[in-house]
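# Summary of structural features
As a plain string of letters, each chain reads:
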Amino acid sequence: GMNLHTTLNMFQNAQRSAAFKEKEQVRKVKDQVYAEAMSGHKKDQLIELQDNVNSRQQIMLQEEMDLRALQEQEHSIQQLESDINEVNQIFKEFGALV
């Protein structure tokens, strides 16, 4: 099967692409808001745009939470790895004593 290292690399790549996508989203929204403002649209369209921005913020918040969960998962995997190393070390020392 896949080893832990490969899995960790996949996590990190996923994190990087998520961060990149988020920046792109923000840039698109800003461009959109700017374009709408420049062309002097009616007020109700601005309100609609505001709703759009709100729902996007909602999505980003969810993505941020998912990202945080991923990071915590990654952290606990690393913790597990170091625990395993410690246990192995103890067994080695124990083996040397016997």
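A brief report on the enclosed structure follows. (Residues numbered from 1 in each chain as written. Predicted model: local features only at pLDDT ≥ 70, side-chain atom pairs only at ≥ 80, totals over all residues. Heavy atoms only, no water.)

## Remarks on the side chain of E74
Relative to the assigned elements, E74 resides in helix α2 (residues 43–97). The charged side chain of E74 is buried without a salt bridge, its nearest counter-charge being R16 at 8.6 Å. If sequence neighbours within four positions are ignored, E74 has contacts with L8, F11, Q12 and Q15. (Helix = DSSP H or I, 4+ residues; strand = E, 2+ residues; numbered from the N terminus. Buried < 20%, exposed > 50% of the residue type's maximum accessible area, 1.4 Å probe, protein only. Lys, Arg positive; Asp, Glu negative; His and termini not counted. Salt bridge = Lys/Arg side-chain N within 4 Å of Asp/Glu carboxyl O. Contact = heavy atoms within 4.5 Å.)

## What to know about the pattern of salt bridges
Inspection of the entire model under this criterion finds three salt bridges. For R27, the salt bridge goes to D31, with nearest N and O atoms at 3.3 Å. On the criterion of helical spacing, the pair formed by R27 and D31 is a turn pair, its members being four residues apart in helix α1 (residues 4–38). Residue D31 is classed as partly exposed on the basis of its relative accessible area, which comes to 43%. The partner of E64 in a salt bridge is R68, and the shortest N-O contact between them spans 2.9 Å.

Note that all results are geometric; they support no functional claim without further evidence.
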